[in-house]
Structure formats: C-alpha cells, structure tokens
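# Summary of the model geometry
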Amino acid sequence: MANQGHHTPWWKYFTFNTDHKVIGIQYLVTTFIFYLIGGVLAGGVRTELATPEVDFVSREIYNSLFTLHGTIMIFLWIVPAGTGAFGNYLIPLMIGARDMAFPRLNAIAFWMIPPGGALLIGSFFVEPPQAGWTSYPPLSEIASNSGQIMWILSLLILGTSSILGAVNFLTTILKMRTPGMTLYQMPLFCWSMIAASILILISTPVLAGALILLMFDIVAGTAFFNPTGGGDPVVYQHMFWFYSHPAVYIMILPVFGIISDVLPVHARKPIFGYTAIAYSSLAISFLGLVVWAHHMFTSGTPGWLRMFFMIATMIIAVPTGIKIFSWVATVWGGKIELNSAMLFSLGFVSMFVIGGLSGVMVASVPFDIHVHDTYFVVAHIHYVLFGGSVFGLYAGIYHWFPKMTGRKLNEPLGITHFVLNFIGFNMCFLPMHWLGLQGMPRRVAEYDPQFTFVNQICSVGSLLLAISTVPFLINAIWSWIGGKQVGANPWRALTLEWQTASPPPEENFLENPVLWSGPYDYGIDNVHRDSDKPVEELLSEVQGNAR
Amino acid sequence: MNIPNSIVTLIAGIVLTLISLWYGQNHGLMPVAASEEAPLVDSLFNAMMTIATGLFILVQGIIVIAIIRFRRRRGDTSDGPPIDGNLSLEIVWTAIPTIMVLAIALYSFEIYNAMGGLDSAASGSGRNNPELAQKPGSAIAAPMPKERDGEDLAAGVGASPGREGSAADVVVDVKGMQYAWIFTYPDSGIVAGELHVPAGKDIKLNITASDVLHAFWIPQFRIKQDAIPGSTNQLRFHPQKIGDYPIICAELCGAYHGVMKTRIIVESPEEFQQWRQERIASSETDNNQLSMLAPSEKTPSDAEYASRYVEEKMGIDQQVLQQLH
Ligand code: HEM
Ligand SMILES: [Cu+2]
Ligand SMILES: [Cu+2]
C-alpha cells in the first residue's frame, strides 16, 4: 500500500529511466561523485600551498588542478545538484504532479552529464587545461589547446543539459500543479526554481556563444578574442560573465528554496514573509542579469560603467537581506529541533551572511580594485558557494533522505559531519580574507614566505573538510541499506511531497492530492501527521478535522 | 515586551554599535598605506567593515540566542506561534539595507572620484593601440607605443579631480609579458625591470601586455589594472612613503604566474633624479639591466628559471636586446 514505500530496484538507476524520482537520485549521486573528485583536486591545491615553494606538483599541473577543481565544482556539482537533483526529485512531488512535463527530455538531460564529465576529466589526461575555470583568452587560446577544446566541448554539453532541465522545470511548475493549487500555495522551493530556470534560459546561450567563438579562435585561427588578429579579449569576459554571474544565482537560488522549506519544518513555525521571499527570488533573478561587469572592474571598463555596475550589484543586497532576515524571523520563537538538517540550514544562514557582506564589499569599485583576483575573492566565493550552496545542499539531503529512501540518516553521525565541516570550512576559508588583503594573489603555486603560517592553517582546515566527508559517506551508504525505517512523514511536514509514501510510488500519488493546508501552516490547526500512520488514515483524519 | 527585556535590547544595541565602531577602525587587516590613494580606500573599507561587523554580530547573535531560547523541549510536539509575517518589520528590514547600500555606493563613488576614476580622459575606450600581441617567447622587448601624455583615450584610473587636464609628473610605459614587467620611461628612453618613482609626485602608467592578460598590482598602494594585449590602460597614482614595495601580477598568465613579481622603488625626488641621470649615462654602455626574460624554451627547469629570477640584475645585455628588436 501507499505507506509501504516503493523501492526502485538498484539496476534501474543505471538505465534510461523517465521517472523524475529516479532521475533526481541519478543526478544527486552522480554529482556527489563529482564533488568528491573536485574535493580531491582541491586537496592537491592545498597540499601544494602548504609551503611557499613549488614542490608538490609542477606549475602546469597546479594550474590545471584549480582549473578542473573550479570547473567541476560549478558545472558538475553545484549547478546540476541544486537544479537537476533537487529540482527533479522535488518539483513534481511538491506540486502534486505525476511526473515532469517532458520525462524523456529529462532523462536525456541527465544522460548528458556523464559524457560531459568524462570529457572534462579526460582533458586532464590528454593535455590538462590551465586557464582557470574562467578560461580567459588569450591564455586559453595558447595553453594546452587540445585540453582546452575538450573543456569547451564539455561545457557546451553540460550547458545544453542545463537548458533542457530549465525548460522542464518551468513548464512543470507552470502547467502541472495539482488542481486547485495556485502559485502562492506552492512551496518556496518552486518559486526559487522558477527564478533559477529563467536565468538558465536567458544566460546559458551566451556562454555557449562565447565558448564557440573561443573554439573557432583555437581550431580555425579566427581572431574574435585574439589581439594578434585584431580581436578583443575583453569581449570574451563580457560574454563569459553575462552567463557566469547569473550562474552564481543559478547555484544559490535552489538552495535558498531548500532553506525556505527546511527551516519551517524543524522550527515548527510558518515561513516568515512568504510573498517577500518569493518575490525576492524573482528580483534577484532580474538584477542578476545586469551586474556582470562587476567581475571586470580592472579590465579597463570605463569609469561611469563601473559605477553603474557597482550600484546595480549593491542593490542585490536588498532582496538577499530580505531573505536572511525572514529566515532568522522564521526560527525566532519556534520550537527548534537541532538535528542535522537544521544545523546545516542555520550553518547556511550564518555562513552566507559572511559571504554576502564580503560580496557588498567587493562590489565597491575602489575596494575591489585592491582585492580583485586575490585570495579575498577566493574567500568570498567559498563563503557563498561552500558555506552557502554546499551547506544548503547537505541540509536538503538530510531533510529529504527519508523521502527518497524511506530511511533516516543517523543523527550522531550527521552532527559529527556538521561540526567537522563547520570548523574545517571556517579554518580553511576565513584566513583567506586576510591573505588577499595583505597581498596574496589567487591562482599561484608559490607565494611570499610571509604568508606561510596562515596558508598552513588553511591547509589544515581543508584536511578537516576532507575528513568531515567520511562520516557523511558512511552515514549515507549505511543508512540507505539499513537505516531506521520511517513512515510517510517522519518530520510531520505540511508540503505535498510528504503526503505520499516514502519512497513515493511510481506515479507519486494514488490520486490527485488534496491541499489540506498551506505549505507552511504550522501552529494553525495543529494538525500533525503521525509518522507511523498510513497515509489514507491520516488523510481521512485530517479531512475530518478540517470539516 | 516587558521593561527589563527592552533595557537588555537597548544595552545590547549600544554594545553592538560600540564594538562595530571600534573594530571598523582597528581591524588591522590592510598592509601599509604607501600612496595617496591608499588611505582613501582604507577609509572606505573601514566604513564597510563597521557596517559589516554590526550586521554580522546582529544576525549571528539572533541565531545563537534563538537556538538557546527556542530549543524544542523533549516530548514537546506542539508547534510554535503561527506568525507568518509582519508588514512593518518587513518594511524596516527592506528600507535599512537599501539606505545602507546607497550610502556605501555614494561613499564609494566619492572615493573613486577622488582617486581619479572618473577623469573623463581616462574613461574612453582603451583600444587605441595598434600594436599587435605576439605569441609568447617572441619579440620580448618589442618597442613601446609612443604616446604623448593626454593624447590617448585609455580607460583606467586617471587624474584626481584637482589635477584633471594637467600632465603627470612622471610617465612610464608598462608592459607585462610572460613573466616579467618592463618599464620604459619615454622621456629618457630608460628601460628597466624595476619601477623607480619619486615620492609625492603624480605618476602615470600606460599599461599594456604583449602576450596574454596580466594585472599590475601594488597592494600597499591599493591600485590594480589589468594589462591587456592590444590596448593600453592608464593608471595614475601618487606614491607617498619612501621604500620598496612589491609589484605583483594578479591575473593568471601561465605556469610562472606566481613568480611574475618585481619592485616599485619610491625614492625622494633627488634620489630619483640621480638614478635617472645614472641610467641615462649608462644606457650607452653594455650591461644594461632589464627584468628577467620570458623563458625562451617552453618549459625551463625550475632551477634554471629561478636562477634567472634570483640574480637581481636579470642580465640580458644590449647585444641580445638588439637582436630581439
Ligand atoms: C572541498 C573543499 C574545498 C577546498 C579546500 C577548496 C580550495 C580552493 C582553493 C585553494 C582555490 C584557489 C585556487 C587558486 O586560485 O589558486 C579554490 C578555487 C575555487 N573554488 Fe574551491 N575549494 C573547495 C570547495 C569548493 C566548492 C564546494 C566550490 C563550489 C562551487 C568551489 C569553487 C571554487 C571556484 C569556482 C574556484 C575558482 C577556481 C579558479 O580560480 O578557476 N570550491 N578552491
Ligand atoms: Cu558576479
Ligand atoms: Cu602575469
């Protein structure tokens, strides 16, 4: 019956399956494996930086380590995990649909990830690309040509996959909601996916354009970006950042959605300011499209243009601040359950605040002129992407693992994971602010010996980060096989995905689900779905209650 | 809200403000300020640090207090109060950040203007240099573009408001290449691997690159400008404190990016004149000093490279230079 939970045979995860839940888990596991690979590369970077001299890898290999680290973390972990994994798994369940709007397209989008990843990793063994994840020409046109081409092809494949996904998310959210569900009754994760999908659709094609022109320059000897033939390398930067700034919101918006859905459940309080959070996602999406040149304040951008991009960028702090204050107000006065999901969510909020504050700082042109391309920026991106996106994705994993597998993750292991991760993260990345301000540029294999001690602190922090992954991996594998079994709704949550069995049956719901409350109506009619009761019983109980 | 509670809040607010004000001025995070521009940037940074410290403590404080005060008690399965918004609170926390970022934007604007960032002569398109980039390793000492001061329309940081339109005291053409900086003083023809400038004077650099992107950065001066092959960007500044400071390449430019460093030597105007005379006199003789060369072979061994780098006077003699021309 429905509450029994429907377990998909393991081999189905290796097939071209069109069930959005299978695809979501395929995305999650695949991208997590890439996360581990990206982490190993970062470990190589930090090992090299434990001493000021170049002694662990060659300079060329060092450059390809951070190039692949950045590219993998962004294009094969954060983007596809936030959108592909959580978007696919959650959207149909949250809006009471049976599947995504275009299930085959969905499967195709997923199956583009492994070849894209293989191509990228393969480039390391052919001729390691060394121009950074930004791959600015002319360097990217003269260093490791064949590796660079593989890098370009890989990104074109991954970008296409991302676009296919976005088309699917938008159509599904707009067209497939269960009868009676208005946009304002959707969980906030769906709003954030609308905002992220719009960004993907508008900006990714521009990246594709830049990459194709870059490839022409390399293979056909054209001179779009090559000054030797009269081209302009700065044009590439404009095209690249027209995508890659929105990309940071593509990476954080789904996570904003995850946090907005996890906090209320474990604080037992309605989300504070639903409409403000929903609209601020759209505002961020719109503003995110007109700030790209803040990455180019030292690229010879004219002064007045720098001022425009500075002000536009700073304004993004307003909708972002609205979200942060709303989350804090959500937990304030609640009944906070400090479990792993909650710890990672609160960890997200507090780390993201730091990244947001340093973000406003680097938006300020005179200050950014000093810190651009230094470790200050490395610190900033990690506070938003790691302390932000990664912590949020972990929160989502702890929260929805019972839905996906019918079993809970072990709490003591989860808390150990959080504590190690939190300490390691801050130890690794907080001192980098100081390094950048004092004069250490980024992307260097050797540095001034005066920075040795602080770099060693960072390296020890990265070791802790690596270690923190161990309890998580043990936990995930062990709990999946033999963790504590749960019923349909172990967290007593109110969003629709918890109204069906865990894991949900093939078409999610036995009939079109009925909205028995708003997604965040905690404390209102005191309806608590007991985790052990069958869904049907709960349903009749609650409907009785409502009458 | 009862009275003791609001007193506690008030005291917490005052303490938070005091801590922020103190830390904003005393964080000690910046290196020595050695140019006229540096204190401007630092005062801006201090203001941002003050606000950031306050917001940081505020948000983290509320989270920590919430965790302590609102922990779910064992066995309590009830929900919290059904508060789902508060219009006036939301207006306040939309308005306050809006005002704050506008204030920071305005302040940044002021500082940027004071640094010369809005000099109209420095706001045009920087693409005026017909000189073409070369593949690395070739034409190491290609001739510098010959520009008269003020004629070019390079984007970058120009003259500060009081000095707009006036010519700089010292003009230097800067060229970045894999993996060295070459400084040419167009008025005297001096070519050097280290940048000598007189303290207290108005210095203008015309920055370009010959192969890939580089970035010219002096942390103690708080200034940076990308060196872009195919265009020239200007950077005007005023060194103040006598001493040596590092010039660092801040834009990934290849395998040896991390060692693309040299020095700026800020001297008294007299010492600078003396250095200048000596260099003009010796420029006819052999042993001219030039910064390290780009490695001619594609990947020299580290030892080879380092030896070239460590020898203070990266000697390539005039003969080699001539061959390269
Ligand atoms: C596992 C722990 C991690 C460590 C120890 C680490 C370490 C580093 C270091 C040292 C750099 C600087 C390389 C350099 O510029 O010289 C770097 C760059 C970067 N990291 Fe991480 N990182 C980690 C996780 C992440 C995550 C989760 C993301 C997610 C998006 C990420 C994204 C980036 C990006 C985009 C860059 C810039 C790459 C480039 O310069 O081309 N990192 N990382
Ligand atoms: Cu950006
Ligand atoms: Cu360089």
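Residues numbered from 1 in each chain as written. Chains lettered and ligands numbered in written order. Predicted model: local features only at pLDDT ≥ 70, side-chain atom pairs only at ≥ 80, totals over all residues. Heavy atoms only, no water.

### Describing the overall build of chain A
When its secondary structure is counted, chain A shows 17 helices and zero strands. Compactness check: chain A gives a C-alpha radius of gyration of 23 Å against a globular reference of 24 Å for 547 residues, within 12% of the reference. Expressed as lengths along the three principal axes of its C-alpha atoms, the size of chain A is roughly 75 × 45 × 45 Å. Expressed as a percentage of the 547 residues in chain A, the buried residues total 69%. Within chain A, contacts between residues separated by at least 24 positions form 82% of all contacts whose residues are at least 6 apart in sequence. For chain A, the exposed surface amounts to about 16600 Å²; the carbon and sulfur share of it is 70%. Within chain A, one finds 23 positive and 28 negative side-chain charges whose respective centroids are separated by 10 Å. (Helix = DSSP H or I, 4+ residues; strand = E, 2+ residues; numbered from the N terminus. Rg over C-alpha atoms; globule rule 2.2 N^0.38 Å. Buried < 20%, exposed > 50% of the residue type's maximum accessible area, 1.4 Å probe, protein only. Contact = heavy atoms within 4.5 Å. Areas by Shrake-Rupley, 256 points an atom, 1.4 Å probe, with all protein chains shown as cover. Lys, Arg positive; Asp, Glu negative; His and termini not counted. Charge placed at Lys NZ, Arg CZ, Asp CG, Glu CD.)

### Here we look at the site of ligand 1
Residues and elements named next belong to chain A. The local shell around ligand 1 holds 26 residues, among which H69, W133, H382, R442 and R443 are the closest. Taking H382, its side chain carries an N or O atom lying 2.8 Å from a nitrogen atom of ligand 1. Counting only elements with at least two residues in the shell around ligand 1, the list comes to α1 (20-48), α2 (59-94), α14 (375-405) and α16 (452-482). The residue inventory of the shell around ligand 1, partitioned by class, reads 18 nonpolar, five polar and three charged. (Near = heavy atom within 4 Å. Polar contact = N/O pair within 3.5 Å; in protein donor to acceptor, adjacent residues only side chain to side chain. Nonpolar A, V, L, I, M, F, W, Y, C, P; charged D, E, K, R; others polar.)

### Here we look at the sheet that holds strand β6 (residues 203-209) of chain B
All names here are of chain B. The sheet built from six strands is open, its strands ordered β1-β9-β6-β2-β3-β4 with mixed pairing. Single-partner strands in this sheet number two, and they are β1 (156-157) and β4 (190-192). When strand β2 (residues 170-177) meets β6, the two strands line up parallel, connected through seven bridges. Note on β6: the bridge partner recorded for V174 is I207. (Pairing = 2+ DSSP bridges.)

### As for the confidence of the model for chain B
All names here are of chain B. In the predicted model, chain B carries a mean pLDDT of 79, and 74% of its residues have values of at least 70. Of the regions scoring below 50 in pLDDT, residues 124-154 engages in 78 contacts with residues more than four places distant in sequence or in other chains. What the predictor reports for the complex is a pTM of 0.88 with an ipTM of 0.90. (pLDDT = per-residue confidence, 0-100.)

### Observations regarding the coordination of the iron atom of ligand 1
All names here are of chain A. At 2.0 to 2.1 Å from the iron atom of ligand 1 lie its protein donor atoms, namely H69 (NE2) and H382 (NE2). Taken together, the six donor atoms coordinating the iron atom of ligand 1 and their angles of 86 to 179° define a geometry best described as octahedral. Remark: H382 occurs in helix α14 and H69 occurs in helix α2; sequence separation between them is 313 residues. Per residue, the accessibility class of H69 equals that of H382, and both read buried. (Donors = N, O, S within 2.8 Å, 3.2 Å for Na, K, Ca; no water. Tetrahedral: all angles 85-135°; square planar, octahedral: opposite > 155°, others 65-115°.)

### Some points on the packing of aromatic side chains
Tallied over the entire structure, the rule returns 61 aromatic pairs over all chains. The ring of W217 of chain B has K224 of chain B lying over it, and the distance from NZ or CZ to the ring centre is 4.5 Å. (Phe/Tyr/Trp six-rings, centres within 6.5 Å; stacked < 30°, edge-to-face > 60°. Lys NZ or Arg CZ within 6 Å of the ring centre and 35° of its normal.)

### Notes on empty space enclosed by the protein
Residue and element names in this part refer to chain A. Counted by the stated rule, this structure contains five cavities of 30 Å³ or more. As for the largest cavity, its lining consists of 19 residues, of which V79, P80, L158, S161 and S162 are closest to the centre. A total of eight residues in the lining of the largest cavity trace back to one element, the largest contributor, which is helix α6 (residues 145-175). Along the lines of polarity and charge, the residues of the lining of the largest cavity split into 12 nonpolar, seven polar and no charged. By volume, the second largest cavity is sized at about 50 Å³. Grouping the constituent residues of the lining of the second largest cavity by class yields seven nonpolar, five polar and no charged. (1 Å grid on protein atoms, 1.4 Å probe; cavity = no way out; pocket = protein on both sides within 12 Å on 5 of 7 lines; lining within 4 Å. Points joined across faces, edges and corners; volume = space filled by probe spheres on them.)

### A word on unusual backbone geometry
With the exception of glycine, the majority of residues adopt a negative phi angle, and the majority of peptide bonds are in the trans configuration. At the junction of S502 of chain A and P503 of chain A, the peptide bond is cis and its omega measures out at -10° in the coordinates. Following the sequence through the fold, P503 of chain A ends up in the loop between α16 and α17 (535-546). The residue after Q178 of chain B, namely Y179 of chain B, is reached through a cis peptide bond having omega 0°. Along the chain, Y179 of chain B falls in the loop between β2 and β3 (180-185). Of note, S135 of chain A is a non-glycine position whose phi angle comes to about 45°, a positive value. Along the polypeptide, S135 of chain A turns up in the loop between α4 (113-126) and α5 (139-142).

### Some thoughts on the environment of W22 of chain B
Its place among the elements puts W22 of chain B in helix α1 (residues 3-26). The sequence separation of W22 of chain B and V8 of chain B amounts to 14 residues, and the corresponding C-alpha distance is 21 Å.

### A short note on the interface of chain A and chain B
Interface extent is often summarised as the accessible area lost during association of the parts. The interface of chain A with chain B comprises 95 residues on the first partner and 90 residues on the second. For the pairing of chain A and chain B, the buried interface totals around 7600 Å² over both sides, and the portion due to carbon and sulfur atoms is 68%. Put simply, chain A and chain B have three salt bridges between them. With a closest N to O distance of 2.7 Å, R72 of chain B and E337 of chain A form a salt bridge. Counting residues per element, the side of chain A that touches chain B draws most heavily on helix α11 (residues 317-331) of chain A, at nine residues. (Buried area = accessible area lost by both parts, 1.4 Å probe. Salt bridge = Lys/Arg side-chain N within 4 Å of Asp/Glu carboxyl O.)

### Here we look at the sheet that holds strand β11 (residues 261-267) of chain B
All names here are of chain B. Pairing is mixed in the open sheet, where five strands are placed in the order β5-β11-β10-β7-β8. Of all strands in the sheet, those with a lone pairing partner are β5 (195-198) and β8 (223-227), marking the two edges. Ignoring strand direction, the axes of neighbouring strands in this sheet form an average angle of 25°. Alignment of strand β7 (residues 214-218) against β8, held across five bridges, turns out to be antiparallel. If you follow F216 over to β8, its bridge partner there is Q225. Relative to the sheet, helix α4 (residues 269-282) contacts β5 and β11, its axis offset from that of β5 by approximately 135°. (Axes fitted to C-alpha atoms, helices over the stretch in contact; angles between N-to-C directions.)

### Looking at the coordination of the copper ion (ligand 3)
In an ideal tetrahedron of four donors about a metal, each angle is 109.5 degrees. In an ideal octahedron of six donors, the angles are 90 or 180 degrees. Residues and elements named next belong to chain B. Within the protein, H214 (ND1), C249 (SG), C253 (SG) and M260 (SD) serve as the donor atoms for the copper ion (ligand 3), at 2.1 to 2.4 Å. Every donor counted, the four donor atoms about the copper ion (ligand 3) form angles of 89 to 120° at the centre, which fits tetrahedral coordination. Here the donor residues for the copper ion (ligand 3) map to a single chain with the spacing H-x34-C-x3-C-x6-M. Here H214 is found in strand β7, whereas its partner M260 is found in the loop between β10 (243-249) and β11, with 46 residues between them in sequence. Overall, H214 belongs to the buried group, its relative accessible area being 0%.

### Here we look at the pattern of salt bridges
Evaluated as defined, the whole model comprises 12 salt bridges over all chains. Its salt-bridge partner being D76 of chain B, residue K335 of chain A comes within 2.9 Å of it at the nearest N-O pair. Placement of the pair is K335 of chain A in the loop between α11 and α12 (340-363) and D76 of chain B in the loop between α2 (37-69) and α3 (87-115), with the two residues belonging to separate chains. The class for K335 of chain A is partly exposed, based on a relative accessible area of 21%. One network of salt bridges, with partners in common, ties together E194, D244 and R263 of chain B.

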